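A structural walkthrough
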Amino acid sequence: MVRTVKMEQDCQVGKPMPPADPNLTSPDNHHDLTASAREEVGSTKENEGDSTHMDQSNAQEKPVMKTKMEPSSTKLCGYLNKLGGPLKAWKARWFVFEEKKCQLYYYRTSQDVNPLGSIDLANATFGYPDQAQEGTFQIQIPGRVVVLKALNSQAMLYWLQQLQIKRWQHNTSLVKIPAEASTTSTQLCQLPSAPWEGRTEDFLPAVKTPKGLVGEAAACLPDPWQQNALQKLSLKHPITEIQNTVLNICGNKPAQELRRSVFNFDKIQQSQDCPCEDPVTQILGETTAPPVPLTPPAPTVLSAPSVSSVTNESAQEAKTGGKSSPSSSMNKREKKMTSSLQPSGEVVSGKEGSPVDKLSRLQHEVFTLTEELKSQKELVRLLHKALEAAQQEKRTSKQFLAAAGEQERLELVRHKERCIADLDGRLEALLKDKEELEQRLAMQDCQVNELQQHVQLMMEKNNAKQEVILKLSEQVAACMADPQRTVANSMGTETFCRLQEQIEHLKDDIEAHKIQNKFLNSEVYQLTKLWRNSSEEEKGLLMKCAYLEAKNCQIESKYLVMLRRLQESKGLDSSQQEMVKRLIEDALQGDKKDVFKLNPVSEYDDYGFKTIPDYEVEDVKLLAKIQALEIRSNNLRNNEMVDKPLQTRWANYLASRPLDQLAPSPELKGLIRCGIPVEYREQVWRWIVRTRTQVYRKRNPNRYQELRKHCEVSEHPASRQIRLDLHRTLTSNKHFSSPTSDAVQKLQRILLAFSWQNPTIGYCQGLNRLAAIALLVLKDEEDAFWCLVAVVEIIMPQDYYSKTLTASQADQRVFRDFLAEKMPRLTAHFKEHSIDHSLITFNWFLVVFVESLVSDILLRVWDAFLYEGTKVIFRYALALFKYNEEDILKIHDNLEIYQYLRFFTKTISDGRKLMTIAFNDMNPFPMKLLKNRREFHMERLTAELQELERIQEEFVKEQQVERKDKDLDTAVSEDEENCVGLPSAASSKGAPRGVQDMPYRLDVASSSPGYSFAD
């Protein structure tokens, strides 16, 4: 919001003119006041005394104190910051107010001669914004807003008040009554000559003049902001900058006089009193550079010399050659001032005339002089243009005459012809633009006329509506004043009585409805309260029912475990064994008799996995039943206490950020470890996969489509093995149960594309399960392919799925070290019974627990695995052994331990407990330690593999030597049987080699029985 400080320019009646300040007098008429002007000043002072007397009388009636605002005696000039230029930067400028023109000129420095520009304050408004920098204020003129900044708030308020005073003085001086006119005529005219005093009684008091910031003393000081010359440079006025620089460098007397004439008007006044040439004439005569034409100042009074007098004077000057003596110039100024201050003949002679005629005559004179001023300004503008054209022609003629030869002159003529042609083209373009603008203007005029007609129509409608409203308002007022009388006048007595009875009945009905409404509201409130209480009770009962059902499932599970142990015990006779068998059968068929279940377990989960696997062996069926009961019990307990709060946490986390703009953070890590809800898992996995594979995708965005086309063109060597493994992938999932299902076809395309994506791996058994899990969750074929790429090539170590499986074997050795540290008792138990746990855990690491854990726990493991990496596999593998450590320690048979290890992971149903063990009980688990142990075991394993390869190469060489010896023996025996009488073997070509190889062959034969490759 901008506070606008605008002076009132409306006409005030009966207030005198403000006194003239001698320090602020214009340089053209500073001492040329005639006797009539002095009389006018005297009458003004008398009127001021009268107005002061009237103000004092009025002040007795009003208790408000009135402050008299007077213009400051200090010259209004000083440094201000001006916002402008192409970069909209603050630049320090020297500002000087010129009273005759009511314009604020600004210069680069206080020593400059030519101004950079001016601001017309006659029709300007002033203001300053609330939230701007200190000292910032605005001058708003038609079509332009100038933003200035003083050094502080006091200087800003001083400038604003002084500019207001100057603008008021200028506007009031445009309408003056000559001093010779009678006082009565002034009172009759009621002209707007109200002074400045008494008009700011409700505004700010007079601000003191800031020292060192305003006035002529400030011109000797540098600008307060200490800006250098480059910062003050005006790019908008380069010619003016050059002229000022040249004049400052010259430093001659005319330049000094010109500087003083611009800023120090009192010194000019002294110089004009001396009988010498006019300073401006001196400057024009001595300065070689042509002066910049300045706009003539506006007249300070209404009356002005006639056109004929101006013409005569100009003619006389033309006769004298444009030169005039100081006395003649002074006489001319005195004549102009006298003629401007003298009234018309009728007023002086005091002839009869009404005030209205006088006012109209003065207004006509004002209008005539204004038109004459406009014409004079236009004439000056035309003369300036003619002067510029003449100077340009003069320069061209000089160039033409200065040319040495005819060829150069001809070239100059041709250049001018080209310029003329260019100007003609521009003129034609401007004419076309003018025609277009005229057409647009005509169209806009038509639109404006239509809008005016529409506005006129709307105003007529509005007036008609206003008349109707007034009539109705009058009728309503009359009816409210005496309703019975008004109604009785318009209808009969019987009708009026009947209407009154109906009104009474309606009032009774309204009261009855009000009472009924209150009762119904209370009833609705009570029913709502009862419904809320019943809902809370129902919720509590459901939770209690779920708790009881979970407890019942636990008891039933323990019961089945007891029956299984009784079935396995050997101390029961046949009748007892038969009874236990019958109890087990009844327990397995107990689900069919259940009529109602709170949360029945469906056959398949959200991703198509069977919740209860099918087993044919009775013993395994009992274990499946026990597992189903534990899953049901955990679901009932976790549904209200864990799953719903976790879902709420995920919803709150994702509400403030889109899924495609997630960022790794500890909060997100904690949420992912707890498990991603089904409704968010697909989007979160897609974000993780795209984040991990963004480098691959940026390199080749259409990589998967290219690989698919390549698969259609050529067949990969591993395609046969891929087709064989498709039917063995996730057999317990309904999406992969049929060979012709859509998921099986997508899986085949993904595996074939990956075999071409990574030729070093091609295809490895286990990749089909990884790709199948990715396809079930992500559902999109390409996203599942990139998920497989992320797991194999980014998350897992190198050579994890190679032909030698080197990294996989190294991880098994690392896991053996961690198991010995975290669970030493279990490690000792395995050593005691010669258990190699890598036979079980190798598959866990290779396929990330696929088909080893229940689907719900498996997907939670994959959530953390995709986000954190292979460390999660070690954590959960250790947690699985920790979960059932006590049960494993109770088994002391080698074969039973292996059987238990192959099956026990599927019996784990409490995913929350397993997650707590993995991420809390297994701590600390630093990634740096895992990397170091991987490197250590990789080095040892690589050395072992190299040694094994060396042994294999030696063995192959020995086998080749033995094969050659066998071939030689066979050849010798054939020669002895078939070639009797031939030369001896020693004379043949093969004899020497057979003789040489024989001892070696015997040595190998003699040593071969004691060597075994398996050892």
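Residues numbered from 1 in each chain as written. Predicted model: local features only at pLDDT ≥ 70, side-chain atom pairs only at ≥ 80, totals over all residues. Heavy atoms only, no water.

Topic: the overall build of the chain
Note the threshold: Helix and strand definitions follow DSSP, with helices as H or I runs of at least four residues and strands as E runs of at least two, each counted in order from the N terminus. Working definition: with a 1.4 Å probe on protein chains only, accessible area under 20% of the residue-type maximum means buried, over 50% means exposed, and in between means partly exposed. Every residue pair with non-hydrogen atoms within 4.5 Å of one another is taken to be in contact. Using a 1.4 Å probe, the Shrake-Rupley method yields the accessible areas, and only the shown protein chains count as cover for residues.
Counting secondary structure elements, the chain contains 35 helices and eight strands. With 1015 residues in all, the chain has 34% of them scored as buried. Considering only contacts in the chain between residues 6 or more positions apart, those separated by 24 or more positions represent 73%. Summed over all atoms, the accessible surface of the chain reaches about 62900 Å², with 55% contributed by carbon and sulfur.

So, the packing of helix H24 (residues 767–778) against helix H29 (residues 855–868)
Threshold: Interaxial angles span 0 to 180 degrees and are taken between N-to-C directions of axes, which are lines fitted to C-alpha atoms, for helices over the stretch in contact. For classification purposes, an angle smaller than 35 degrees is called roughly parallel, one larger than 145 roughly antiparallel, one from 65 to 115 roughly perpendicular, and anything else oblique.
Between H24 and H29, whose axes approach to 12 Å, the crossing angle comes to 95 degrees. With respect to H29, the element H24 is oriented roughly perpendicular. Together, Leu770, Ile773 and Val777 of H24 and Leu858, Leu859 and Trp862 of H29 make up the contact between the two elements.

Quick look at a nonpolar patch on the surface
Definition in use: Patch membership requires over 30% relative accessible area and the absence of a salt bridge. Like charges are linked within 9 Å, and nonpolar side chains (Val, Leu, Ile, Met, Phe, Trp, Tyr) within 5 Å. A side-chain nitrogen of Lys or Arg and a carboxyl oxygen of Asp or Glu constitute a salt bridge if their distance falls within 4 Å.
A surface patch of nonpolar side chains, about 330 Å² in accessible area, is lined by Leu230, Leu233 and Leu235. Structurally, Leu235 is set in the loop between helix H4 (229–232) and helix H5 (238–250).

Focus on the confidence of the model for the chain
Stated formally: The pLDDT score gives, residue by residue, the confidence of the prediction method on a 0 to 100 scale.
Scored by pLDDT, the chain has a mean of 74; 69% of the residues are at 70 or more. Counting contacts from residues 252–352, a segment whose pLDDT is below 50, to residues more than four positions away or on other chains yields 113 contacts. Ignoring residues within four places in sequence, the model shows residues 972–1015, a span with pLDDT below 50, making 17 contacts including any to other chains.

Observations concerning the pairing of strand E4 (residues 103–107)
Filter applied, for reference: Here, a strand pair is defined by DSSP locating no fewer than two bridges between the strands.
Counting buried positions over the five residues of E4 gives five, a clear majority of the element. Covered by surrounding structure in E4 are Gln103, Tyr105 and Tyr107 together with Leu104 and Tyr106, the residues of both alternating faces. Where strand E3 (residues 89–98) lies against E4, five bridges are found, and the strand directions are antiparallel. Bridge assignment links Phe97 to a residue of E4, and that residue is Leu104. Turn length for the E3-E4 hairpin, with the two strands adjacent in sequence and antiparallel, is four residues, and the turn residue Cys102 shows positive phi of about 55 degrees. Note that E4 and strand E5 (residues 117–120) share four bridges and pair antiparallel. Pairing of Leu104 across the sheet is with Ile119, part of E5.

So, the nonpolar core
The line we're drawing: Buried Ala, Val, Leu, Ile, Met, Phe, Trp, Tyr and Cys residues form a nonpolar core when they are joined through side-chain atoms within 4.5 Å.
Ranked by internal contacts, the top residues of the largest apolar core, which has 111 residues, are Leu767, Tyr801, Phe849, Trp862 and Phe881. Top element by residues in this core is H24. It accounts for ten residues. Ignoring anything within four residues of it in the chain, the contact list for Phe881 reads Phe815, Leu819, Met823, Leu826, Phe830, His837, Thr841, Trp844, Ile888 and Leu901.

Here's the deal with a negative patch on the surface
For clarity, the cut-off: Asp and Glu are treated as the negative residues and Lys and Arg as the positive ones, with His and the ends of the chain left uncounted. All charge positions are set by atom: Lys at NZ, Arg at CZ, Asp at CG, Glu at CD.
A cluster of acidic residues, Asp433, Glu435, Glu436 and Glu438, forms a negative patch at the surface. Mapped onto the fold, Asp433 is located in helix H13 (residues 406–481). For Asp433, a relative accessible area of 37% gives the class partly exposed.

A short note on the pattern of salt bridges
Scanning the entire structure with this criterion turns up 26 salt bridges. Between Lys779 and Glu682 there is a salt bridge, with its nearest N and O atoms 4.0 Å apart. Linking Lys779 in the loop between H24 and helix H25 (781–795) with Glu682 in helix H19 (residues 678–692), this pair joins segments that are 97 residues apart in sequence. For Lys779, a relative accessible area of 54% gives the class exposed. Between Arg769 and Glu851 there is a salt bridge, and its shortest N-O distance comes to 3.7 Å. Placement of Arg769 in helix H24 and of Glu851 in the loop between helix H28 (838–847) and H29 is noted, with a sequence separation of 82 residues between them. When salt bridges with common partners are traced through the structure, they connect Glu682, Arg686, Arg690, Arg697, Lys779 and Asp783 into a single cluster.

Observations regarding the packing of helix H21 (residues 703–713) against helix H23 (residues 742–757)
The test is simple: Residues are grouped as follows: Ala, Val, Leu, Ile, Met, Phe, Trp, Tyr, Cys and Pro are nonpolar; Asp, Glu, Lys and Arg are charged; all remaining types, including Gly, are polar.
Look at H21 against H23: their axes get within 9 Å of each other, and the N-to-C directions meet at 95 degrees. Considered as vectors, H21 and H23 are oriented roughly perpendicular to each other. Two secondary-structure elements touch here, H21 through Arg703, Tyr704, Leu707, Arg708, His710 and Cys711 and H23 through Arg749, Ile750, Leu752, Ala753, Trp756 and Gln757. Class assignment of the residues belonging to the contact of H21 with H23 gives a composition of seven nonpolar, two polar and three charged.

Regarding the packing of aromatic side chains
The criterion, for reference: Only the six-membered ring of Trp is used, alongside the rings of Phe and Tyr, when aromatic pairs are assigned; centres must lie within 6.5 Å, and planes under 30 degrees apart are stacked while those over 60 apart are edge-to-face, with the rest tilted.
Within this structure, the stated rule accounts for 19 aromatic pairs. Here the aromatic rings of Phe95 and Tyr106 are separated by 5.5 Å at their centres, their planes lie at 40 degrees, and the arrangement is tilted. Highlighted residues: Phe95 in strand E3 and Tyr106 in strand E4, separated in sequence by eleven residues. Relative accessible area serves as the criterion here: at 0%, Phe95 is assigned to the buried category. With relative accessibility at 6%, the residue Tyr106 sits in the buried group. With a centroid separation of 5.6 Å and an interplanar angle of 85 degrees, the aromatic rings of Tyr876 and Phe919 are classed as edge-to-face. Pair noted here: Tyr876 is in helix H30 (residues 871–883) and Phe919 is in helix H33 (residues 911–921), with a separation of 43 residues, a long-range link. According to the relative accessible area criterion, Tyr876 is buried, its value standing at 3%. Members of the aromatic cluster, joined through ring pairs, are Phe815, Phe818, Phe830, Trp844, Phe845, Phe849, Phe874, Phe881, Tyr900, Phe904 and Phe925.

Quick notes on H25
Stated formally: To estimate the expected span of a helix, subtract one from its residue number and multiply by 1.5 Å.
Here H25 spans 20 Å end to end across 15 residues, near enough to the 21 Å set by a 1.5 Å rise per residue. A large share of H25 lies buried, amounting to twelve of its 15 residues. Those residues of H25 that fall on the buried side of the exposure criterion are Glu781, Asp783, Ala784, Phe785, Trp786, Cys787, Leu788, Val789, Ala790, Val791, Val792 and Ile795.

Concerning helix H32 (residues 894–903)
Our working rule: Arc definition: directions from the helix axis to the C-beta atoms. Whenever two N or O atoms come within 3.5 Å, that pair is a polar contact, provided that in protein one can donate a hydrogen and the other can accept it, and provided that, for residues adjacent in sequence, both atoms are side-chain atoms.
Among all positions in H32, only Ile897, Tyr898 and Leu901 are buried. One side of H32 holds all its buried residues, which, seen down the axis, span an arc of 100 degrees. More than 90 degrees from the buried face of H32, the exposed residues found are Leu895 and Arg902. Tucked into the core, H32 has its buried residues touching helix H27 (824–832), H28, H30 and helix H31 (885–890). Where H32 begins, one side-chain oxygen reaches toward the backbone nitrogen of Leu895, 3.3 Å away; that side chain belongs to Asp893.

Topic: the side chain of Arg108
With respect to the secondary-structure elements, Arg108 resides in the loop between E4 and E5. The exposure class of Arg108 is buried, given its relative accessible area of 12%. If sequence neighbours within four positions are ignored, Arg108 has contacts with Tyr79, Ala92, Arg93, Trp94, Leu116, Ala229, Lys232, Leu233, Glu241 and Thr245.

Looking at the side chain of Gln748
As for its position among the elements, Gln748 is in helix H23. Taking the relative accessible area as the measure of exposure, Gln748 reaches 18% and is therefore buried.

Quick word on the environment of Phe865
Relative to the helices and strands, Phe865 resides in helix H29. Along the chain, Phe865 and Ile795 lie 70 residues apart, while their C-alpha atoms are 8.7 Å from each other. Phe865 has contacts with Val791, Ile795, Met796, Val848, Thr870, Val872 and Ile873, leaving out every residue within four places of it along the chain.

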